[in-house]
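If you want the building blocks of each chain, they are given just below.
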Amino acid sequence: VRSFSEAASIPVATVLRAMMGMGIMANINAELAFETAELIATELDLQLMLKETETLEDELISDIEEQEDDPDSLVTRPPIVTFLGHVDHGKTSLLDYLIGINVVSGEAGGITQHIRAYEIDKDGRSVTFVDTPGHEAFTEMRARGANVTDIAVLVIAADDGIMPQTEEAISHAKAAGVPIVVALNKIDLEGVDANRVLSQLTEHQLTPSEWGGEVEVVRTSAISGEGMDELLETLLTIAELNEYKANPDRKALGVCLEAEQQGDRGVLAKLVVQNGTLSVGDVVVCGPTYGRVRAMTNTLTGKPVEHAGPSTPINLMGLESPPGAGDRFHVLSDITQAREIAANRADAESRSSLSGVTTKVSFENFQEM
Ligand code: GTP
Ligand code: MG
């Protein structure tokens, strides 16, 4: 009981009262079964405390999020386009073709395990592409990809048709409320039946435009290059219709796609700037961590970058520890404030894991706390 109350910063008396309410008579030295601790934490105190912590720091952040941009300050930004679909249907190959590199052949087992984001330039018009893994283990990464995206490209191999992770990708894209373009890929293969896939799409309420619906279906081959120009044109047309805008003159905000500790070199975080401009030297708070931007590099060329504007994917060095994938980031003017916000969040995270909200917590690490 004592260590529980310390770890959770709740008075012992409150813990004992809660236990009494549950019909358990105990004293400060009593042993608490993990399940009991979980019950006390979730039913009462911890939830209240978590709420309090949130209101303290989130006010500042929500002010930043809600800060309206003067219409005069808005400029067109590149669309963020995410490739989603079943494993091996050709997402990485299509992106490789578009950017003229070859990532597929360097991947372990040909399976994408990372989320990648690149900005490419086509006749002076930019597009940011996000590649996600199709393997069933990576639901979370597909959801993350769908969340930063403006347009989803649903990649479906013509010989395979709609598969479980295609269906999951469709629901992520629908949940994100973004336009869906279908790349009917591997169209170069002998004997593929495009109509079969079109009717599967119709069954999923994605009626192809050639059948009178709303969804553009582009037949592509990442091998022959067929349909690649058409795909890019389709995406740029949707982007023009939707007029994606942002204000490059405000402090940056966006999302972390992925991050890792790179030995002594520090933390490398892949971020996408959604609004504003991120610059070397900026103070960033991202999920439960913070830092000053030490360096940024272009995700494609690896070249150093001083400033990253709206829709730019960037590799960033300078955070204290790796943020969680999907964590939002914000630029603040004051590093002390950033440190406090990060510390508060880290605190709240460890308390919510103590309360059994996450499944990772075990009795062992509960005792360590
Ligand atoms: P995950 O990242 O693991 O989900 O797979 P992916 O969707 O990125 O597929 P990837 O690009 O790795 O391609 C899988 C296999 O299909 C590779 O062997 C590619 O060479 C092949 N492939 C991709 N596109 C085409 C295509 O248009 N035609 C043919 N014939 N093969 C293709
Ligand atoms: Mg891939």
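In this report, we go over the structure that sits alongside the text. Fair warning: this is a prediction, and the values are worked out from it, not measured in the lab.

Some thoughts on a negative patch on the surface
Part 1 of the argument: On the surface, a cluster of negative charge is contributed by Glu-59, Asp-63, Glu-66 and Glu-68.
Part 2 of the argument: Here Glu-66 is to be found in helix H4 (residues 45-66).
Part 3 of the argument: Take Glu-66: its relative accessible area is 60%, and that puts it in the exposed class.

Re the side chain of Asn-185
Part 1 of the argument: Here Asn-185 shows up in strand E6 (residues 180-185).
Part 2 of the argument: Taking relative accessible area as the criterion, Asn-185 reaches 2% and is therefore assigned buried.
Part 3 of the argument: Look past the residues within four positions of Asn-185 in its chain and what remains in contact with it is His-89, Gly-90, Leu-94, Val-155, Ile-156, Ala-157, Ala-158, Thr-220, Ser-221 and Ala-222.

Considering the site of ligand 1
Part 1 of the argument: Among the 21 residues in the neighbourhood of ligand 1, the closest are listed as Lys-91, Ser-93, Thr-112, Gly-134 and Asp-188.
Part 2 of the argument: Gly-134 has a polar backbone atom sitting 2.8 Å from an oxygen atom of ligand 1.
Part 3 of the argument: In isolation ligand 1 exposes 650 Å². Once the protein is present, 83% of that is buried.
Part 4 of the argument: At a threshold of 2 Å from the grid points, most atoms of ligand 1 map onto the largest pocket.
Part 5 of the argument: A breakdown of the residues in the shell around ligand 1 according to their chemical character gives seven nonpolar, ten polar and four charged.

Definitions and limits used
- Residues numbered from 1 in each chain as written.
- Chains lettered and ligands numbered in written order.
- Predicted model: local features only at pLDDT ≥ 70, side-chain atom pairs only at ≥ 80, totals over all residues.
- Heavy atoms only, no water.
- Patch = residues over 30% accessible without salt bridge, like charges linked within 9 Å, V, L, I, M, F, W, Y side chains within 5 Å.
- Areas by Shrake-Rupley, 256 points an atom, 1.4 Å probe, with all protein chains shown as cover.
- Salt bridge = Lys/Arg side-chain N within 4 Å of Asp/Glu carboxyl O.
- Lys, Arg positive; Asp, Glu negative; His and termini not counted.
- Charge placed at Lys NZ, Arg CZ, Asp CG, Glu CD.
- Helix = DSSP H or I, 4+ residues; strand = E, 2+ residues; numbered from the N terminus.
- Buried < 20%, exposed > 50% of the residue type's maximum accessible area, 1.4 Å probe, protein only.
- Contact = heavy atoms within 4.5 Å.
- Near = heavy atom within 4 Å.
- Polar contact = N/O pair within 3.5 Å; in protein donor to acceptor, adjacent residues only side chain to side chain.
- 1 Å grid on protein atoms, 1.4 Å probe; cavity = no way out; pocket = protein on both sides within 12 Å on 5 of 7 lines; lining within 4 Å.
- Sits in = over half its atoms within 2 Å of the grid points.
- Nonpolar A, V, L, I, M, F, W, Y, C, P; charged D, E, K, R; others polar.

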